[in-house]
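# Architecture at a glance
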Amino acid sequence: MNLEPATAKHVHDHDGKKYYFCCAGCRQKFEVDPQSFLNKPGSGLVTLGMPAPKPTQAAQPQSTTKTGSARAYVCPMCPEVHEAKPGACPSCGMALEPDVPLSTTRTEYTCPMHPQIVRTEPGSCPICGMALEPRTVSAVLEENPELRNMTRRFWVGVALTVPMLAIAMGEMFGYHLHLDLNHNGVPINLPWVEFVLATPVVLWCGLPFFQRFWTSLVNRSPNMFTLIGLGTGVAYVYSIVATLAPQLFPQSLRKMGGYPDVYFEAAAAITTLVLLGQVMELRARSRTSAAIRALLDLSPKTARLLSPDGSGGEVMEKDIPLEHVKPGDRLRVRPGEKIPVDGVVLEGRSSVDESMITGESMPVEKSPNAKVIGATINTTGSFIMQAERVGTETLLARIVQMVGQAQRSRAPIQNLADRVSAYFVPAVVAIAAITFAAWFFFGPQPRLANAIVNTVAVLIIACPCALGLATPMAIMVGTGRGAHAGVLVKNAEALETLEKVDTLVVDKTGTLTEGKPRLTSVTPRGKLLADDLLRLAASLERASEHPLAAAILTGAKDRGLSLAEATDFHSYPGKGVSGVVEGTRISAGNEQFMQDEHITVPNRPDNWPTAGETAIYIAADGTFAGWICAGDPLKYNLALTVNELSAQGLRIVMLTGDNRAAAEAVAHSANIQEFEAEVLPEGKLEVIRKLQQQGRVVAMAGDGINDAPALAQADVGIAMGTGTDVAMESGGITLVKGDLSGILRARKLSQATMRNIRQNLFFAFIYNAVGVPIAAGVLYPIFGWLLSPIFAAAAMSFSSVSVIANALRLRHAKL
């Protein structure tokens, strides 16, 4: 069967690539060492966007052909089996399929309700019977072959069903149709006319439903088409028997013409109405991919490349297709143009509208060394940029990929619908049987006719399609809406849990602050002068990736200091670094690091760090040498955002590895009441665990590598898009702009989506709870009302469409 990416805990890295182990057919996931599975036949190994490794010739059975044959057939369950001709697999007996290499351009189809079902061709889901849809959305809106097929069948059904309904309506008002054959005046009643008209509708127009009905029986997976097949099949077969052998029925049931009542028009009308529902549903479902398609449409088609012409280094400009851009290329972006790929500004200044990616409406000023995002709009000036990430590595491509994966994920609330659906169809069949027995033995005359009509109405109206669509449709539309607001949802579980969060734990650097510290002061203590202290510290920090290290390096560069090489470098996460510079052992870190190194620290200076600043303690050869302070400004409107989150009942806790004085200053400026300072990475993890043990539902917001364990432990990990890739992989939700206000948007998205899901489930449950008893005839003893199977079919079809229409409202949710 087709392999698909497993959940996050089943992902393994090997040689810089991600490997996934998950068999969609047997629904088993494998968590194994990729190295041991490389080039192993039948291992189920597949790389992202690449085919599984071909089995070696030695591992193939004698009956198989060589891998390099022009045309071979393989077994979907036994990939080591290769045959030259189509037939049955010698191992498992399944039909062999053409060996078509996977490519990144081949379209795969999946079920919106059962994402583990993946097929290479359009068709229907073997579990629920729903039409499969493309797994990945292309920028070009392609015609859905399933929609085209259903539309054609629907219009043929309409053409043949309308005359039957006209005849049936005439019968209701006392008008009877008679045909005069051979001029003998022999009347032929309606059954034969209806039989001729209904047979193409039921057997050809409704063929997909009967195929899915049979599949549901073979797979022992009852679904909506089980009920549709039973309902229309019973009505049609009964009518055929009544038409071909009316003498089998008692005289009391035979009306004018000697025939009992037939229900050809009901079977045809039900088929046509279900086809109408399928057409409307397929069209509505195609709109759920509009969010991804809109994102794909953001990318420009060309880029303006700058390149020397080879004669004296003169620069030439030419437009090239976007797919031809390579990392390192120099590109010119003119006013009003879209930035082609992710990169960095080399020359020029401008303002860039990044709202389509980050959700932030205000343009962002860009100057040399500033990062730019592909597909955003350059509004004013012209600049030259260097391409860094192209193709599938750009932020937009990653957003599209993440949104697509999230739309195919399952929310825990879906388990409720699954449990109900597992018992629903058998229960409906049982109710239908009871309905038939009750009307046949205790109902008014004609008992058989009434029993059949009401049984068919129960089977048709109870189709659980709306119940199955309630959750996946809302998730698909909600995650797409979030992507346009700069909120990327990695999986539906995170989106559902975020609504329940009552405690928000936030990292300081890069989350509450800009994450781009700048040098504010250098205070020597001892023999070293300020510039010497800064030069030695900067030489040491060149090997560090901490944000404060960048501030020290930038400060040294601004002062024109020449740096030396550091040797014997050691990093102590959450504490500091040490190494040898020009023969001197330099240590740089926090106060705890100085204590661990047994270094005596003098009293703090008068210019001790204020809010947003951090002091770095420097020691030389075991003697304290001074402080270097770096300031990391707070993010815009941070205090206002914190107040809004607190007003929603969230308990906010700040964690930081900085000293208590700096942490307290930041917490005070941001209106955060609880904080913990000098916390190591493993300490952040313990804080999350303790809060969870208290019964708290915890969300963690962070951006660094040291935040990854805490992000993974939290009930919902919220990664800043401006942070590291490791943090974004660990978080269930990513805020593209990296602003804490994005948590407000994410929480509103979660609340709107879950509210929509509950509405859909309510509609589906209440519809069946009310519709099934009415179809069974509970109102007949009181009001004399019976529900026609035709009206039952119409109600069933429009119930599914109403659920989808309700889900589509999320596209306009205010975040």
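Shown above is the structure to which this text applies.
These notes cover the structure that comes with them. (Residues numbered from 1 in each chain as written. Predicted model: local features only at pLDDT ≥ 70, side-chain atom pairs only at ≥ 80, totals over all residues. Heavy atoms only, no water.)

### As for the sheet that holds strand 32 (residues 674-676)
If you walk across this open sheet you meet the seven strands as 23-35-34-33-24-31-32, and the pairing is mixed. Since the sheet does not close on itself, it has two edges, and those belong to strand 23 (487-489) and strand 32, each with one partner. For this sheet, the mean inter-axis angle between neighbouring strands, taken without regard to orientation, is 20°. Where strand 24 (residues 503-507) lies against strand 33 (residues 698-702), four bridges are found, and the strand directions are parallel. Counted as the bridge partner of L504 is A699 from strand 33. Against the sheet, helix 22 (residues 741-776) contacts strand 23, strand 24, strand 33, strand 34 (716-720) and strand 35 (733-735), and its axis sits at roughly 50° relative to strand 23. (Pairing = 2+ DSSP bridges. Helix = DSSP H or I, 4+ residues; strand = E, 2+ residues; numbered from the N terminus. Axes fitted to C-alpha atoms, helices over the stretch in contact; angles between N-to-C directions. Contact = heavy atoms within 4.5 Å.)

### Thoughts on unusual backbone geometry
Although it is not a glycine, D621 adopts a positive phi angle of roughly 50°. As for its placement among the helices and strands, D621 is situated in the loop between strand 29 (613-620) and strand 30 (623-631). With phi around 60°, N671 is a residue other than glycine that occupies positive phi space. Note that N671 resides in the loop between helix 18 (660-669) and strand 32. Overall, N671 belongs to the partly exposed group, its relative accessible area being 32%. (Buried < 20%, exposed > 50% of the residue type's maximum accessible area, 1.4 Å probe, protein only.)

### Some words on the packing of helix 3 (residues 190-205) against helix 4 (residues 207-218)
The interhelical angle for the contact between helix 3 and helix 4, taken along N-to-C directions, is 50°, at an axis separation of 5 Å. Considered as vectors, helix 3 and helix 4 are oriented oblique to each other. Counting all contacts with helix 3, which are made through V202, L203, W204 and C205, the residues of helix 4 involved are L207, P208 and F210. Tallied by class, residues from the contact of helix 3 with helix 4 come to seven nonpolar, no polar and no charged. (Parallel < 35°, antiparallel > 145°, perpendicular 65-115°, else oblique. Nonpolar A, V, L, I, M, F, W, Y, C, P; charged D, E, K, R; others polar.)

### Brief notes about the pattern of salt bridges
A full pass over the atoms with the stated rule returns 18 salt bridges. We note a salt bridge from R535 to E582, for which the minimum N-O separation is 3.0 Å. With a gap of 47 residues between them, R535 in helix 14 (residues 530-541) and E582 in the loop between strand 27 (576-581) and strand 28 (584-589) connect regions that are remote in the sequence. What makes R535 buried here is its relative accessible area of 17%. Measuring nitrogen to oxygen at the nearest pair gives 2.4 Å for the salt bridge that ties D568 to R585. Note that D568 is positioned in strand 26 (residues 566-572) and R585 in strand 28, a separation of 17 residues in sequence. By relative accessible area, which is 43% here, D568 ends up partly exposed. Each of the salt bridges in this network shares a partner with another, and the network as a whole consists of R304, E317, D319 and R332. (Salt bridge = Lys/Arg side-chain N within 4 Å of Asp/Glu carboxyl O.)

### Thoughts on the nonpolar core
Formed by 59 residues in total, the largest nonpolar core has its most connected members in I228 and Y263. The set of elements that each furnish at least two residues to this core consists of helix 2 (145-172), helix 3, helix 5 (224-244), helix 6 (264-287), helix 10 (414-442), helix 11 (447-461), helix 22 and helix 24 (789-808). Among residues more than four places away in sequence, those in contact with I228 are F209, G233, V274, I460, C463 and M796. In this structure, A485, L650, A746 and V803 belong to the second largest nonpolar core, which totals 58 residues. (Core = buried A, V, L, I, M, F, W, Y, C linked by side-chain atoms within 4.5 Å.)

### Description of a nonpolar patch on the surface
On the surface, F436, F440, F441 and F442 cluster together into a nonpolar patch covering about 450 Å² of accessible area. In this structure, F440 sits in helix 10. (Patch = residues over 30% accessible without salt bridge, like charges linked within 9 Å, V, L, I, M, F, W, Y side chains within 5 Å. Areas by Shrake-Rupley, 256 points an atom, 1.4 Å probe, with all protein chains shown as cover.)

### Some points on the sheet that holds strand 20 (residues 371-372)
Each strand in a sheet pairs with another by means of backbone hydrogen bonds, the pair being arranged parallel or else antiparallel. With antiparallel pairing, the six strands of this open sheet are ordered in space as 15-14-16-22-17-20. Sheet topology places strand 15 (315-321) and strand 20 at the edges, where each strand pairs with a single neighbour. When strand 16 (residues 330-333) meets strand 22 (residues 383-389), the two strands line up antiparallel, connected through four bridges. Following the sheet pairing, R332 is matched in strand 22 by I384.

### Remarks on helix 14
An ideal rise of 1.5 Å per residue puts 16 Å on twelve residues; helix 14 measures up with 16 Å between its terminal C-alpha atoms. Counted residue by residue, helix 14 has nine buried out of twelve residues, so it is predominantly covered. Every buried residue of helix 14 is accounted for by L533, L534, R535, L536, A537, A538, S539, L540 and E541. (Expected span 1.5 Å × (residues − 1).)

### Here's the deal with the environment of E337
Inspection of the secondary structure puts E337 in the loop between strand 16 and strand 17 (342-348). C-alpha of E337 to C-alpha of V352: the two residues are 15 residues apart in sequence and 10.0 Å apart in space. If we ignore the near neighbours within four places in the chain, the residues touching E337 are R332, T376, I377 and N378.

### Considering the packing of helix 11 against helix 22
Where helix 11 contacts helix 22, the two axes come as close as 8 Å, and the packing angle between them is 170°. The angle between the axes of helix 11 and helix 22 places the two elements in the roughly antiparallel class. Of helix 22, the residues touching helix 11 (which contributes N454, A457, V458 and I461) are Y767, N768, G771, V772, A775 and A776. Grouping the amino acids of the contact of helix 11 with helix 22 by side-chain chemistry returns seven nonpolar, three polar and no charged.

### Here we look at the pairing of strand 28
When you tally the buried positions in strand 28, you get five out of six residues, the bulk of the element. Judged from the six bridges that link them, strand 27 and strand 28 form a sheet pairing that is antiparallel. Bridge pairing in strand 28 links G579 to I586. Examined bridge by bridge, strand 28 and strand 29 share four bridges and lie antiparallel to one another. Residue pairing for strand 29: A588 is matched across the bridge by I618.

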